[in-house]
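Structural description and commentary
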Amino acid sequence: FAYRSVFVEAGQPMLEKFTKGQGSGRPSAKGLVQETIEMAGADNNFYICGPPAWMEEVSAELQKAGAKSVMTEVFGSQLAQSGCPFQAKGSGCPFAGAA
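Calculation notes
- Within every chain, residues take consecutive numbers counted from 1 along the sequence as written.
- Per-residue local features of the predicted model are confined to residues with pLDDT of at least 70, and side-chain atom pairs are confined, for both listing and counting, to 80 or more; whole-chain, interface and lining totals are unaffected and use all residues.
- Note that the side-chain values use all heavy atoms of the structure and ignore hydrogens as well as water.
- Strands are runs of DSSP state E lasting at least two residues, helices are runs of H or I lasting at least four, and both sets are numbered from the N terminus onward.
- Whether two residues are in contact is decided by their heavy atoms: any pair within 4.5 Å suffices.
- Each accessible area value is a Shrake-Rupley result obtained with a 1.4 Å probe; residue values ignore everything except the protein chains displayed when judging cover.
- Salt bridge, as applied in this entry: a Lys or Arg side-chain nitrogen positioned within 4 Å of an Asp or Glu carboxyl oxygen.
- Two joining distances apply to patches: 9 Å for like charges and 5 Å for nonpolar side chains (Val, Leu, Ile, Met, Phe, Trp, Tyr), and every residue must have over 30% relative accessible area and no salt bridge.
- The classification of residues rests on relative accessible area computed with a 1.4 Å probe and restricted to protein chains. Under 20% of the type maximum is buried, over 50% is exposed, and intermediate values are partly exposed.
- Here the rule is simple: two strands pair whenever DSSP picks up at least two bridges between them.
- Whether a crossover is right-handed comes down to one check: with the strands pointing away from the viewer, does the path from the first strand over the helix to the second run clockwise; if it does, it is right-handed.
- For the purposes of this section, nonpolar cores are sets of buried Ala, Val, Leu, Ile, Met, Phe, Trp, Tyr and Cys residues that join through side-chain atoms within 4.5 Å.

1. Structural notes on the overall build of the protein
For the protein, the helix and strand inventory stands at four helices and two strands. Counted from the first residue to the last, the protein has its helices and strands arranged as α-α-β-α-β-α. Long-range contacts, defined here as pairs at least 24 residues apart, represent 36% of the contacts in the protein between residues at least 6 apart. Put simply, the protein shows about 7100 Å² of open surface, and 54% of that area lies on carbon and sulfur atoms.

2. Focus on the pattern of salt bridges
Here the structure, examined in full by the defined rule, presents one salt bridge. Where Glu61 meets Lys64, a salt bridge forms, and the shortest distance between an N and an O atom there is 3.2 Å. Residue Glu61 and its partner Lys64 are located together in helix H3 (residues 52–64), separated by three residues, close to a single helical turn.

3. What to know about a nonpolar patch on the surface
Together, Tyr3, Val6 and Phe7 make up an exposed nonpolar region whose accessible area comes to about 360 Å². Inspection of the secondary structure assignment puts Phe7 in helix H1 (residues 4–10). Using a relative accessible area of 48% as the deciding quantity, one classes Phe7 as partly exposed.

4. Here's the deal with the pairing of strand E2 (residues 69–73)
Side-chain alternation along E2 places Val70 and Thr72 on a buried face and Ser69, Met71 and Glu73 on a face that remains uncovered. Note: strand E1 (residues 45–49) against E2, five bridges, orientation parallel. Following the sheet pairing, Phe46 is matched in E2 by Val70. Read from E1 through H3 to E2, the crossover connection turns out right-handed.

5. A short note on the nonpolar core
Membership of the largest hydrophobic core is limited to eleven residues, which are Ala29, Val33, Ile37, Ala42, Phe46, Ile48, Met55, Val58, Leu62, Ala67 and Val70. Looking at this core, the elements that each hand over two or more residues are helix H2 (29–40), E1 and H3. Excluding its chain neighbours within four sequence positions, the residues that come into contact with Phe46 are Thr36, Ile37, Gly41, Leu62, Ala67, Ser69, Val70 and Met71.

6. Details of the side chain of Glu61
The buried category is assigned to Glu61, whose relative accessible area is 17%. Discounting residues that sit within four places of it in the chain, Glu61 has contacts with Ala29, Lys30 and Val33.

Here it is in structure tokens:
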């Protein structure tokens, strides 16, 4: 929630989705993306952070739905594996060598 106030102050539509609540299961990637696109539209930049498999699934659904762009951010132990905060797998950082 570190940057929540920035998004709120921007006055743009914002969907906050808590994906695991008491007595509830996780929503499907397709359902989550459908709800997000209905609220925000596809002509947006989407930023997602979570476990690698989940990010891949949600990213693919966003791209299928026509999202303008999708950025993912790695956290936790996945960062140690890839060495890049924007890629979960060790296939190279898209910003390596950028100055």
